[in-house]
Amino acid sequence: LIADSSNNRVRALSPAGGLSTWAGSGGRASIDGPGNSASFYYPFALAQLADGSIAVAESDDGVIRRIATDAAHTVSTWAGALGRSGWSDGTLSDASMSELAGLATRPNGNLVLLDSATYRVRLISGDQVTTLAGGTTSRPSRNGSGSTPR
């Protein structure tokens, strides 16, 4: 699967080289629903979750969307809330994120996110979003642990 940011879609590339739309209507908005009518707002990064669903980081909206494993590829907002950017930790629906620039699934199934606007590495474990590292909005970068690195 490929995050097609320019066209606001998630694409599937077949082994034969064919490209098809997996989810997203092409409209530039964050609308939940069946994959062919749902829309994304600058999908930037993808990661497969433990249940087989796909997490989609929307960079401009600061939310994580989820594409279900059902035949319709149903899209829903999984973490964060539209119109509420920032860096607060909390439950999936209460946490806020800003410019998501990367996703990775850990071997234990947790999801790691990179928030480039707030210089934080975040973790989704169960129904909680927490900050793993970072914690400043200034530069330059430096090594360390907890809130020291940036």
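Everything numeric in this text was worked out from a predicted model, so none of it was measured.

Novice: Which residues make up the overall build of the protein chain, and what values go with them?
Specialist: Along its length, the protein chain carries zero helices and 12 strands. Expected size for 150 residues packed as a compact globule is a radius of gyration near 15 Å; at 15 Å, the protein chain falls within 12% of this value. Excluding contacts between residues fewer than 6 apart, the proportion of contacts in the protein chain whose partners are at least 24 apart in sequence is 32%. Counting only carbon and sulfur atoms, one obtains 50% of the accessible surface of the protein chain, whose full area is about 7,300 Å². The averaged location of the 12 negative side-chain charges in the protein chain is 7 Å from the averaged location of its 12 positive side-chain charges.

Novice: Could you give an account of the pattern of salt bridges, naming the residues involved and the relevant values?
Specialist: Enumeration according to the criterion identifies six salt bridges in this entry. A salt bridge links Asp4 to Arg11; the nearest nitrogen and oxygen atoms lie 2.9 Å apart. For the pair Asp4 and Arg11, one class covers both residues: buried. Note that Arg65 and Glu58 form a salt bridge whose closest N and O atoms lie 2.4 Å from each other.

Novice: Requested: an account of a nonpolar patch on the surface, with residues and values cited.
Specialist: Nonpolar side chains collect at one region of the surface, where Ile2, Leu13 and Leu19 lie side by side and expose about 290 Å² of accessible area between them. Residue Leu13 is classed as exposed on the basis of its relative accessible area, which comes to 53%.

Novice: Could you give me a rundown of the side chain of Ser30, with the residues and numbers involved?
Specialist: For Ser30, the location among the structural elements is in the loop between β3 (19–23) and β4 (43–48). For Ser30, a relative accessible area of 16% corresponds to the buried category. A polar contact is formed between the side chain of Ser30 and the side chain of Glu58, at a distance of 2.4 Å. Separated by 2.4 Å, the side chains of Ser30 and Asp61 make a polar contact. Residues within four places of Ser30 in sequence aside, it is in contact with Ser39, Tyr41, Glu58, Asp61, Arg65 and Leu82.

Novice: Describe the sheet that holds strand β12 (residues 128–134), and please don't skip the residues or the numbers.
Specialist: Strand order in the open sheet made by the five strands is β8-β12-β11-β10-β9, with antiparallel pairing throughout. Each edge of the open sheet is held by one strand with a lone partner, namely β8 (90–91) and β9 (100–105). Here β9 pairs with strand β10 (residues 111–115) via five bridges, running antiparallel. Paired with Leu103 across the bridge in β10 is Leu113.

Novice: Describe in detail the nonpolar core, supporting the description with residues and values.
Specialist: By size, the foremost hydrophobic cluster in this structure holds 16 residues, and its most contacted members are Ile64, Leu103, Leu111, Leu113 and Ile124. Elements that contribute at least two residues to this core include exactly β4, β5 (54–58), β9 and β10. Apart from residues lying up to four places away in sequence, Leu111 is in contact with Ala47, Leu49, Ala55, Trp78, Leu103, Ala104, Thr105, Arg122, Leu123 and Ile124. Ala23, Phe40, Ile67 and Val75 belong to the second largest nonpolar core, which has eight residues in total.

Novice: Kindly report on unusual backbone geometry, identifying the contributing residues and their values.
Specialist: Notably, Asn8 is not glycine yet its phi reads approximately 55°, a positive angle. Assignment of secondary structure puts Asn8 in the loop between β1 (2–4) and β2 (9–13). Classification of Asn8 as buried rests on a relative accessible area of 5%. A positive phi angle, near 60°, is found at Tyr42, a position not held by glycine. Among the structural elements, Tyr42 can be located in the loop between β3 and β4. On the accessibility criterion, Tyr42 (26% relative accessible area) is partly exposed.

Calculation rules
- Residues numbered from 1 in each chain as written.
- Predicted model: local features only at pLDDT ≥ 70, side-chain atom pairs only at ≥ 80, totals over all residues.
- Heavy atoms only, no water.
- Helix = DSSP H or I, 4+ residues; strand = E, 2+ residues; numbered from the N terminus.
- Rg over C-alpha atoms; globule rule 2.2 N^0.38 Å.
- Contact = heavy atoms within 4.5 Å.
- Areas by Shrake-Rupley, 256 points an atom, 1.4 Å probe, with all protein chains shown as cover.
- Lys, Arg positive; Asp, Glu negative; His and termini not counted.
- Charge placed at Lys NZ, Arg CZ, Asp CG, Glu CD.
- Salt bridge = Lys/Arg side-chain N within 4 Å of Asp/Glu carboxyl O.
- Buried < 20%, exposed > 50% of the residue type's maximum accessible area, 1.4 Å probe, protein only.
- Patch = residues over 30% accessible without salt bridge, like charges linked within 9 Å, V, L, I, M, F, W, Y side chains within 5 Å.
- Polar contact = N/O pair within 3.5 Å; in protein donor to acceptor, adjacent residues only side chain to side chain.
- Pairing = 2+ DSSP bridges.
- Core = buried A, V, L, I, M, F, W, Y, C linked by side-chain atoms within 4.5 Å.

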